[in-house]
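Tertiary structure, described
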Amino acid sequence: MANLNIFPASFYGEPGVLGMLANGISAFLVLLQNFNTARTGILPVGVENILAVNYIMPFVFGAITLTLIFEAAALVANSWALVVAGILELLILIFAIYGSAALLVKGLTQRLALKGFGTPLFNVLLLGTANSASAQSIGQEKKKNTKYAEPMALGSFCDTVSSFIFAFYCFGYVTSFALGVAWVSIISAAQLFATYYAHLRQDCYHTTKFGLHATYWLIKAWEEFVASVLIEDANDVSSGREAMVGDWFFVAVALVLCVGSLNTDCLELSHNMLFLLLTISSVPQIPLQGYYVFFGVACSLFTAASLYGTFSRLINTIAEKSLIPVGPQPVSTDQLKRILSCGRSDRRDPGESPQNDQIADALFYISNGVAALSALHAKSTSTNSSFLHLTVPWVLISGAVIQGYVSQVQVRGGGRFGSVIPFFYAVVWATWTWFRFAGLLIQLSPMEAPGFTAGAIAFLVINGFLMLIASYRNLVLLFLTTIMEVVLVCFLLSTLRQLPYELEIAMLVIFSIICIYGALASLVNCIFTQRILSMGPALLKDQKKQEEKPQSPCPVAESRLTSGLLKITKLLDEGGVCGIPTDTVYALAASCKNPQAIEKIYNIKDRPAEKPICICISSVEQLLAAKPPFSPLLWEFMRNVYPGGISCIVSKGDWLYKLGVGAAYDRVGTKDSIMIRVPDHTVTGNLCELTGPLAITSANPSGEPDSTHHSMVLSRLGHKIQGVLCDGDSNEVVASTVVNCLKIDEGTIGIVREGCVPAVRVQQIFERVKSRMV
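Residues numbered from 1 in each chain as written. Predicted model: local features only at pLDDT ≥ 70, side-chain atom pairs only at ≥ 80, totals over all residues. Heavy atoms only, no water.

1. Some words on the overall build of the protein
- Tallying secondary structure elements over the protein gives 27 helices and 10 strands in all.
- For the protein, buried positions account for 53% of its 774 residues.
- Within the protein, residue pairs in contact and separated by at least 24 positions form 73% of the contacts whose partners lie at least 6 positions apart.
- When the accessible surface of the protein is totalled, it reaches about 34700 Å², and 63% of it is carbon and sulfur. (Helix = DSSP H or I, 4+ residues; strand = E, 2+ residues; numbered from the N terminus. Buried < 20%, exposed > 50% of the residue type's maximum accessible area, 1.4 Å probe, protein only. Contact = heavy atoms within 4.5 Å. Areas by Shrake-Rupley, 256 points an atom, 1.4 Å probe, with all protein chains shown as cover.)

See the structure below:
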């Protein structure tokens, strides 16, 4: 078994191995299929084309692209195109085997033993720079905070594929959606992963957007499957769709998304407006002949916008700058706030962050609203088999499947009663679908109705308790659960065959309207982390919890908010000492512009005067601008370890004044040396760019364990410092590794303190760099 001590302190496997192997296996299966078809002329049965994508090597991308082109050409020219596609798939298999081996060896040895990885054809971070040649030499140290994945490119890619499939179907290239439904279902599942990652990032906007899109594509896919496979007769499909009104809820929510994206960028707003057009094009009241043309054109436009969005979000996210144009901000944030709040002052601290279990609230209202409006129908359509067939996916997917997913997301949020209501309503809508729609199709026996009657009574009792829970949240949720109580009464009456359809229609409409407002208010309030749109006060309040809630001993700010960074920047510029996150553990920081603030750090920590304090900068470019007299070997070593959990001790000099250390020169480092940190953390890097170099040390009383969460900084030092930048759990549980580079030109380095990067790993890097410089 490998010695675990040589691994960095990040307990994650190398995912590229699995990705490359998946490509290889997929390519191997398809090449066997293609060579067999080219030789025998017999088309495969039960085997569909396989698309596998990996972004590690551009050669894999190129081979996959050409393979898909020749796979498409095989529809016209059979044998030769299949042979070419098979050869390309063989290349993919070879690349996959080699790539898997290279990444596996890299994961085991912690170095690039095999060529082809770690040296890109070009560095996307250098696009758009004035001097790519000079930047290339130091361009590998770009800051990235990879705590959670960026969901934007994945969500846009899923939109691209789903809309493209629907466009082909609408224009008549495919007569049945039997295969399309499998594709769209898989892509929608991937889009839900994008939603989940957005939730982990506390990004309520993308949580809502991609959750809504996944819901829409799933419902439309299964509706078309039912229409093309189960019903088939166009007249029956048309008559069934005329009575459906669920699409109008998507139109309303698409408008909500447009409002929520007014303060983002033009690309995001345009994408949401095209989704609005998409939802309008799919309303069932459009005649069937024009329906597919309109829907196909809308899907084509949405595909183009989504493809551009995928490319721009991916490149801009990797580069952490706007290389691909996305347009300006249509409406300023302050202006949008004033418009939505109608001039009212907000009743919530602008820095207050939403609770995790509130981030998916908008998606909760959306899934319930779609289910409720889709379940609405008149008595005359209750026996229309086409309507019943088409309605099943609308109510079941939105009300049960997506809401079940929401309940799991709410569980992850950890809030009080977070998942109870969505989980219960998922059960309600699943039961509703079974009895009211599927039951009639399978001719459910009247003898089974009493079982549903008993279940409806149980639902009424449970929902009564949920009304009590909603009383602790807000009036909107309380109204929603109250209307649901009446809806459940209608469900009970339907099991007794005494249903007043007019009452049920009115209640479902009111329920949907509440859901629209709830989605809008939840989304807007969560985006701005302010109570812009009122959800109403909680009728019942947990007084004990409020009394026990401690007040923060110092100002706090959220790291994910620009306003949070500006707040901490102001405190540091005014001479304050603040707790900040880094790529390792939390640190105490003081601006080098304020030497007296650095003296405060010693008093706050009870730190011995003989222990020096290091400086933190944003990037190696910032260090290069100061022109320190470092040797080529030292520069190359620093380029290989920065940014990251390694701190280098170097000689002091006048170059520190050019770096911005200024009057703090005598208060950082020792008389002759200084330790420099370049954290691999976007938040810390951006903060250093705003403030200039920071003097930092670990945020803990001297001699005590490091702080790995902002709550630890607040509880231990909050009464002594001027602010804390909150970023949740640290990426590591130990501090950085300190390397003495004062004798590096003599061919040696010293490990002063072993931290998150093992000493063995540091020595491996140094030996590799030294061998290259010889």
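2. Here we look at the confidence of the model for the protein
- When pLDDT is averaged along the protein, the result is 78; 74% of the residues meet or exceed 70.
- Across residues 1-14, where pLDDT falls below 50, the model places 18 contacts with residues more than four positions away in sequence or in other chains.
- Across residues 346-357 the pLDDT falls below 50, and counting only partners more than four positions away or on other chains, this stretch makes 31 contacts in the model. (pLDDT = per-residue confidence, 0-100.)

3. Some thoughts on helix 18 (residues 501-528)
- Taking 1.5 Å per residue as the helical rise, helix 18 with its 28 residues ought to reach 40 Å, and the 41 Å between its terminal C-alpha atoms agrees with that figure.
- In the stretch just after helix 18, Thr 529 is the one whose phi turns positive, near 50°. (Expected span 1.5 Å × (residues − 1).)

4. What to know about the nonpolar core
- Among the nonpolar cores identified, the biggest contains 108 residues, and Leu 278, Tyr 365 and Trp 429 are the most heavily contacted of them.
- Ranked by residue count, the leading element in this core is helix 7 (residues 204-231), at 12 residues.
- When near neighbours in sequence (up to four residues on either side) are disregarded, Leu 278 contacts Tyr 216, Trp 217, Phe 295, Ala 298, Cys 299 and Phe 302.
- Core analysis: the next-biggest nonpolar cluster, separate from the first, contains 56 residues, Cys 554, Met 638, Ile 744 and Ile 765 among them. (Core = buried A, V, L, I, M, F, W, Y, C linked by side-chain atoms within 4.5 Å.)

5. Brief notes about the sheet that holds strand 1 (residues 556-558)
- Pairing is mixed in the open sheet, where 10 strands are placed in the order 1-8-2-3-7-4-6-5-9-10. The outermost strands of the open sheet, each flanked by one partner alone, are strand 1 and strand 10 (750-753). Mean inter-strand twist for the sheet, computed between neighbouring axes without regard to direction, equals 35°.
- Relative to strand 9 (residues 737-740), strand 5 (residues 646-651) is paired through 4 bridges, and the arrangement is parallel. Directly across from Ile 649, in strand 9, lies its bridge partner Asn 740.
- Sheet strands in contact with helix 23 (residues 632-641) are strand 5 and strand 9, and its direction is about 160° off that of strand 5. (Pairing = 2+ DSSP bridges. Axes fitted to C-alpha atoms, helices over the stretch in contact; angles between N-to-C directions.)

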